[in-house]
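The primary structure of each chain is shown beneath.
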Amino acid sequence: MKIQNITVLGSTGSIGMSTLDVIRRHPDRFHVFALCAHSQVESLFAQCLEFRPEFAVVRDAQLAAQLAELCRSAGLLTEVRYGVEALIEMSAAPEVDSVMAAIVGAAGLEPTLAAARAGKKLMLANKEVLVMAGELFMHAVREHGATLLPVDSEHNAIFQSLPADFGRGLAACGVQKILLTASGGPFRNTPLADLSAVTPDAACAHPNWVMGRKISVDSATMMNKGLEVIEAHWIFAAPPEMIQVVVHPQSVIHSAVQFADGSVLAQMGNPDMRTPIAYAMAYPERIAAGVEPLDLFKIARLEFYEPDFERFRCLQLAYDVLREGGTAPAILNAANETAVAAFLAGSLPFLGIARLNEATLDALPARPEGSLEDVLAADAEARLFACQAIRENSFS
Ligand code: NAD
Ligand code: MG
């Protein structure tokens, strides 16, 4: 078996660490070529010591010098680089077979796009890439023969439930609906009056999943499910009306597909990201992921509810921008990233996130998606508007 050479974008994050855990279990299958992170030098160094990659990438020259010094004194041959150009290089390097795209937010767009353009096997966790530039990204995947494997648990479940040739069109495969499950997050039943006082720690305390702070807040507002509706639209070429969000608090069914003959195929498992990660890494084979087997007797009960679009305004906004098209999803994504960062920093109340997202969409016109530059311009304009609105305190 040929060893798979992997670049991990976002190796110090929640998905990055779960990816390394799967790699750790299969040294005969996988080799880490590059580890890329933002600024957590200590944990990146520990990862370098264990996985001995050819390259490590951090944000800037100063952090790179720190990491290079640590590597040198430990006798490691890992070469340290920094900045976006280095991320792009690690995604597209000829030695690389596959790329785990697990940077959070818009920062992952360019390196992930570079992996698609280099025709890599691309394991996609970084959903914001598809929200910002779905058309551009899917075009690059097709044009350059990249293999796109969804890591987001819902999309991975849908991928597993669809026939292998779903690319010929969902309707042609007899698909009626995609049932995109959602836990509903920590505030599914919280009285509306209490939501204004929600703290960042309460928002990040997800009932079923342990994740990075940005996606945890997105789960609490259900913006995450909205981003996933857009993600499903692009990966599976599914029109918005074919994508039905189903609130399923146990997070055991990770999503399902309903077919014309009445069949519903679903993928189930314990909520542990190592399952979709291992599936993507070994595809089309199945390998051990260190995940507890699902005990149906212990679970005993699965519940399903319709989503509440009033309580979770962000979910409605996602359907709206998907129907509007062009740069509207990129504007929503940028406003949301700005809002979540402000909420986590204590400068925006929880309910201000949805209000700021909506106000940014109302203020800025969407344009055709066009080129990467158009997308980045829409992203920058939305961030500017949102930052100013937060500074002026219009949403407290
Ligand atoms: P995280 O915050 O735990 O980790 C983010 C990683 O990205 C870190 O390694 C960080 O160093 C790196 N990073 C951040 N900004 C960067 C920059 N500018 N340049 C280079 N690296 C940068 O996030 P996470 O929870 O692992 O999520 C990562 C992505 O996966 C997100 O897009 C999220 O929506 C998606 N995702 C996560 C989960 C999950 O269970 N955590 C599930 C599905 C999808
Ligand atoms: Mg998900």
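Residues numbered from 1 in each chain as written. Chains lettered and ligands numbered in written order. Predicted model: local features only at pLDDT ≥ 70, side-chain atom pairs only at ≥ 80, totals over all residues. Heavy atoms only, no water.

Student: Requested: an account of the overall build of the chain, with residues and values cited.
Tutor: Looking only at helices and strands, one finds 16 helices and 11 strands in the chain. A compact globule built from 396 residues would reach a C-alpha radius of gyration of about 21 Å, and the chain, at 20 Å, matches this within 12%. For the chain, the C-alpha atoms occupy an extent of roughly 55 × 55 × 45 Å along the three principal directions. Taking all contacts inside the chain whose residues are at least 6 apart in sequence as the whole, residues at least 24 apart take part in 70%. Summed over its atoms, the accessible surface of the chain is roughly 16,600 Å², and 54% of this surface lies on carbon and sulfur atoms. (Helix = DSSP H or I, 4+ residues; strand = E, 2+ residues; numbered from the N terminus. Rg over C-alpha atoms; globule rule 2.2 N^0.38 Å. Contact = heavy atoms within 4.5 Å. Areas by Shrake-Rupley, 256 points an atom, 1.4 Å probe, with all protein chains shown as cover.)

Student: Residue-level account of the nonpolar core, with values.
Tutor: Formed by 117 residues in total, the largest nonpolar core has its most connected members in Leu67, Phe137, Leu170 and Phe236. A total of 10 residues in this core trace back to one element, the largest contributor, which is helix α6 (residues 128-143). Once you skip the residues sitting within four places of it in the chain, Leu170 turns out to touch Leu162, Val175, Ile178, Phe236, Ala237, Ala238 and Met242. Formed by 18 residues, the second largest nonpolar core is a distinct cluster that contains Ala220, Ala342, Leu356 and Ala386. (Core = buried A, V, L, I, M, F, W, Y, C linked by side-chain atoms within 4.5 Å. Buried < 20%, exposed > 50% of the residue type's maximum accessible area, 1.4 Å probe, protein only.)

Student: Please set out helix α1 (residues 14-25) residue by residue, giving values where relevant.
Tutor: For α1, spanning 12 residues, the distance from its first C-alpha to its last is 17 Å, which sits close to the expected 16 Å at 1.5 Å a residue. Restricting attention to buried positions, one finds in α1 the residues Ile15, Gly16, Ser18, Thr19, Leu20, Asp21, Val22 and Ile23. In the core, the buried residues of α1 are packed alongside β1 (4-9), β2 (30-36), α2 (41-51), β5 (98-101) and α11 (274-282). (Expected span 1.5 Å × (residues − 1).)

Student: Let's hear about the site of ligand 1: which residues, and what values?
Tutor: What surrounds ligand 1 is a group of 23 residues, the closest being Thr12, Ser14, Ile15, Glu128 and Gly212. Within the contact set of ligand 1, an oxygen atom lies 2.9 Å away from a backbone nitrogen or oxygen of Ser14. Gln40 has a polar side-chain atom sitting 3.1 Å from an oxygen atom of ligand 1. For ligand 1, the protein covers 87% of the area, taking 830 Å² as the surface of the free molecule. Looking at the shell around ligand 1 residue by residue, the classes come out as 11 nonpolar, nine polar and three charged. (Near = heavy atom within 4 Å. Polar contact = N/O pair within 3.5 Å; in protein donor to acceptor, adjacent residues only side chain to side chain. Nonpolar A, V, L, I, M, F, W, Y, C, P; charged D, E, K, R; others polar.)

Student: With reference to specific residues and values, describe the packing of aromatic side chains.
Tutor: Applying the stated rule across the entire model yields nine aromatic pairs. Taking the centre distance of 5.8 Å and the plane angle of 80 degrees together, the rings of Phe159 and Phe166 count as edge-to-face. Each member of the pair, Phe159 as well as Phe166, is classed as buried. One aromatic cluster is present, formed by Phe159, Phe166, Phe236, Tyr279 and Tyr283 through successive ring pairs. (Phe/Tyr/Trp six-rings, centres within 6.5 Å; stacked < 30°, edge-to-face > 60°.)

Student: Now, about the pattern of salt bridges: what can you tell me, with residues and values included?
Tutor: Summed over all chains, the structure comprises 24 salt bridges. Taking the shortest distance from any N to any O, the salt bridge between Asp21 and Arg25 comes out at 3.0 Å. Of this pair, Asp21 and Arg25 both sit in helix α1, four residues apart, roughly one helical turn. Ionic pairing is found between Asp201 and Arg213, a salt bridge with its closest N-O pair at 3.4 Å. (Salt bridge = Lys/Arg side-chain N within 4 Å of Asp/Glu carboxyl O.)

So yeah, pure geometry; function would need other evidence.
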